[in-house]
Amino acid sequence: MAKDYYQVLGVPRGATPAEIKKAYRKLARKYHPDLNPGDKTAEARFKEIQEAYSVLGDQKKRAQYDQYGFAGEAPPGGAEPGGRASGPGFEGFDFSDYGSSSFRDFFDSVFRGGGPQSRERAPAGPQRGDDLLYTMSLGFEDAIHGVQTRIRLNRLAACDTCGGQGFVAGAGQRVCPTCGGSGRATMQRGFMRFSGTCPTCGGTGRAPGKVCPVCHGEGVVTKSEVISVRIPAGVDNGSKVRIPGRGNAGRRGGPPGDLFISITAAPHAFFKREGPHISVKVPITVPEATVGGKIDVPTLWGKATIRIPPGTKSGQKFRLRGQGAPVPGKKVRGDEFVEVTIVPPPFDDQRVRELMKELERLSGPNPRAAMGMN
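In this text the structure is predicted, and so the values were computed from the model without any measurement. Within any chain, residue numbers begin from 1 and follow the written order of that chain's sequence. At least 70 in pLDDT is required for a residue's local features to be given in this predicted model, at least 80 for side-chain atom pairs to be given and counted, and no such filter applies to totals for whole chains, interfaces and linings, which use all residues. Side-chain numbers here rest on the full set of heavy atoms in the structure, without hydrogens or water.

Student: Talk me through helix H2 (residues 17-31); I want residue IDs and the actual numbers.
Tutor: A rise of 1.5 Å per residue sets the reference length of H2, with its 15 residues, at 21 Å; its end C-alpha atoms lie 21 Å apart and thus fit the reference within 8%. Within H2, burial applies to Ile 20, Ala 23, Tyr 24, Leu 27 and Ala 28. Buried positions in H2, seen along its axis, are confined to an arc of 130° and lie on one side of it. Those residues of H2 that are exposed and angled more than 90 degrees off the buried face are Ala 18, Lys 22, Lys 26, Arg 29 and Lys 30. The helix count covers DSSP runs of H or I at least four residues long, the strand count covers runs of E at least two residues long, and both are numbered beginning at the N terminus. A helix is expected to span 1.5 Å for every residue after the first. Classification of residues uses two cut-offs on accessible area relative to the type maximum, computed with a 1.4 Å probe and protein chains only: under 20% is buried, over 50% is exposed, and between them is partly exposed. In this description, one arc is meant: the one made by directions from the helix axis to the C-beta atoms.

Student: Break down a nonpolar patch on the surface for me, with residues and values.
Tutor: Patch definition: residues with relative accessible area over 30% and no salt bridge; like charges joined within 9 Å; nonpolar side chains (Val, Leu, Ile, Met, Phe, Trp, Tyr) joined within 5 Å. Accessible areas in this description were obtained via Shrake-Rupley with a 1.4 Å probe; residue shielding takes into account the shown protein chains only. For this analysis, a salt bridge means a side-chain nitrogen from Lys or Arg found within 4 Å of a carboxyl oxygen belonging to Asp or Glu. Taken together, the side chains of Leu 355, Met 356 and Leu 359 make up a nonpolar region of the molecular surface, amounting to roughly 240 Å² of accessible area. Note on placement: Met 356 falls in helix H8 (residues 350-362).

Student: So, the sheet that holds strand E1 (residues 132-138): which residues are in play, and what are the values?
Tutor: Across the sheet, which stays open at both edges, the three strands sit in the order E1-E9-E8 with mixed pairing between neighbours. Whereas interior strands pair on both sides, the edge strands pair on one side only; in this sheet they are E1 and strand E8 (240-243). Each adjacent strand pair in this sheet contributes to an overall mean axis angle of 25°, direction not counted. Here the rule is simple: two strands pair whenever DSSP picks up at least two bridges between them. Here E8 runs beside strand E9 (residues 259-265); their pairing, made up of four bridges, is antiparallel. Each residue of the ladder has a partner; that of Lys 240, found in E9, is Ser 262. As a rule, the C-alpha atoms of each element are fitted with a line to give its axis, helices using only the stretch in contact, and angles between N-to-C directions run from 0 to 180 degrees.

Student: Tell me about the state of the cysteines, and name the residues and values.
Tutor: Covalent bonding between the sulfur atoms of two cysteines defines a disulfide. The disulfide criterion is simple: two cysteine sulfur atoms within 2.5 Å. Inspection of the entire model under this criterion finds zero disulfides. Just so you know, Cys 162 is unpaired, no disulfide at all, and the nearest cysteine sulfur is the one on Cys 215, 3.6 Å from it. Overall, Cys 162 belongs to the buried group, its relative accessible area being 9%.

Student: Please give an account of the nonpolar core that cites residues and values.
Tutor: As used here, the term nonpolar core means buried Ala, Val, Leu, Ile, Met, Phe, Trp, Tyr and Cys residues forming a set that is joined through side-chain atoms within 4.5 Å. Ile 295, Val 297, Ile 306, Ile 308 and Val 338 are the most contacted members of the largest nonpolar core, which totals 19 residues. Here this core gets four residues from one element, more than from any other, and that element is strand E11 (residues 277-285). In what follows, residue pairs with any heavy atoms lying within 4.5 Å of each other are defined as contacts. Excluding residues that lie within four positions of it along the chain, Val 297 makes contacts with Val 282, Gly 302, Lys 303, Ala 304, Ile 306, Leu 320 and Val 338.

Student: A description of the pattern of salt bridges should follow, citing residues and the corresponding values.
Tutor: In total, this model carries 14 salt bridges according to the counting rule given. For Lys 223, the salt bridge is made with Asp 160, and the minimal N-O distance between the two is 3.4 Å. A residue pair is termed long-range when its members are at least 10 positions apart, and Lys 223 in strand E7 (residues 220-231) and Asp 160 in the loop between strand E2 (147-158) and strand E3 (174-175) qualify at 63 residues. For Lys 223, a relative accessible area of 30% puts it in the partly exposed group. Residue Asp 160 is classed as exposed on the basis of its relative accessible area of 67%. Connected through salt bridges with shared partners, the residues Arg 128, Asp 131, Arg 242 and Asp 258 form a single ionic network.

Student: Mind laying out a positive patch on the surface, listing which residues take part and the relevant values?
Tutor: Only four residue types enter the tally: Lys and Arg on the positive side, Asp and Glu on the negative side, with His and both chain ends excluded. A charged residue contributes its charge at one atom only: NZ of Lys, CZ of Arg, CG of Asp or CD of Glu. On the surface, Lys 21, Lys 22, Arg 25, Lys 26, Arg 29 and Lys 30 cluster together to form a positively charged patch. As for its position among the elements, Lys 26 is in helix H2.

Student: Run through the environment of Thr 312, naming residues and quoting values.
Tutor: Looking at the element boundaries, Thr 312 is found in the loop between strand E13 (302-308) and strand E14 (317-320). According to the relative accessible area criterion, Thr 312 is buried, its value standing at 5%. Taking the C-alpha atoms as reference points, Thr 312 and Val 291, separated by 21 residues in sequence, lie 8.5 Å from one another. Apart from the residues lying within four places of it in its own chain, the contact partners of Thr 312 are Ile 284, Ala 289, Phe 318, Val 340 and Ile 342. Any N or O atom pair separated by 3.5 Å or less is treated as a polar contact, with the protein-specific requirement of one donor-capable and one acceptor-capable atom, and with residues adjacent in sequence counted only for side-chain atom pairs. Among the polar contacts listed, one links the side chain of Thr 312 to the backbone oxygen of Pro 309, at a separation of 2.5 Å.

Below you can see the structure in the form of structure tokens.
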């Protein structure tokens, strides 16, 4: 059993650093070899006091000692054959039930930290594969309406030879030297005993066999695949489309990761997009702006008709509800905003020039008069 350093110095566990230092100085003076020449008992006691103070006098070592019952990289004592540790403790208490808790991580790290068995340790349990990112360029209308396409992808797939395990089944396998074939192991840390799945064999009771000659123990190999993907309607620049299970294969039977497709959409000749909303500039004639009328305008879904009221000014906007881009994952669409621009008639036609002069005489006061312009 590990020494009780608090008892060695004669202080309670809640003692302050000042109290610990005071107790150490008092005992060190009492049992110092120079004051007790030839006294082997005093010499041994002095060494014990020095050892206790080297731990309790250091904040980090004291915290480790308080938590685990020892200070340093290895606990006092060792493990019995088959992974069982000597001495009293929390025997039979299975910390593996706590999943990925600190108890299980701590127990796992004990076996990784030393002993010849750590060199032949098998990875413990299935591991999920990594996600992959693929960049796809789309035309403006394909991004709006969605598209079904095929892509070539290089990804890690489970090795067919070993079934993704990394070792050839039955080839060179033997009873696990750590747990003796039980699949369970126990380790002593100070006053505490930890029990859980054997980290060397992953609970199988068998040590790893012959390394797979195809994947060299990795359990996965690189493959080039052509897969079909569906890009939903309404994606935009920077959108990411998730394709479940198309990432790298998991190891030792773990699930595969996902494939994420990052979208880059090309611009359009006259449509502009802001999220789900679309804007477009449409030219109108002077008569249309003056007397009004109905005109056809383009939308993402075909032609639509809008009414131009009399006296419409250049730059005026009209809203078409539901004529914008789809919102991915929802059954709604944005709006389209039509901005009209007045286009003057041909200036090189003599008849048009005469009519414009006549119109100028009838057009009323100077629109710049309020600005002090003639």
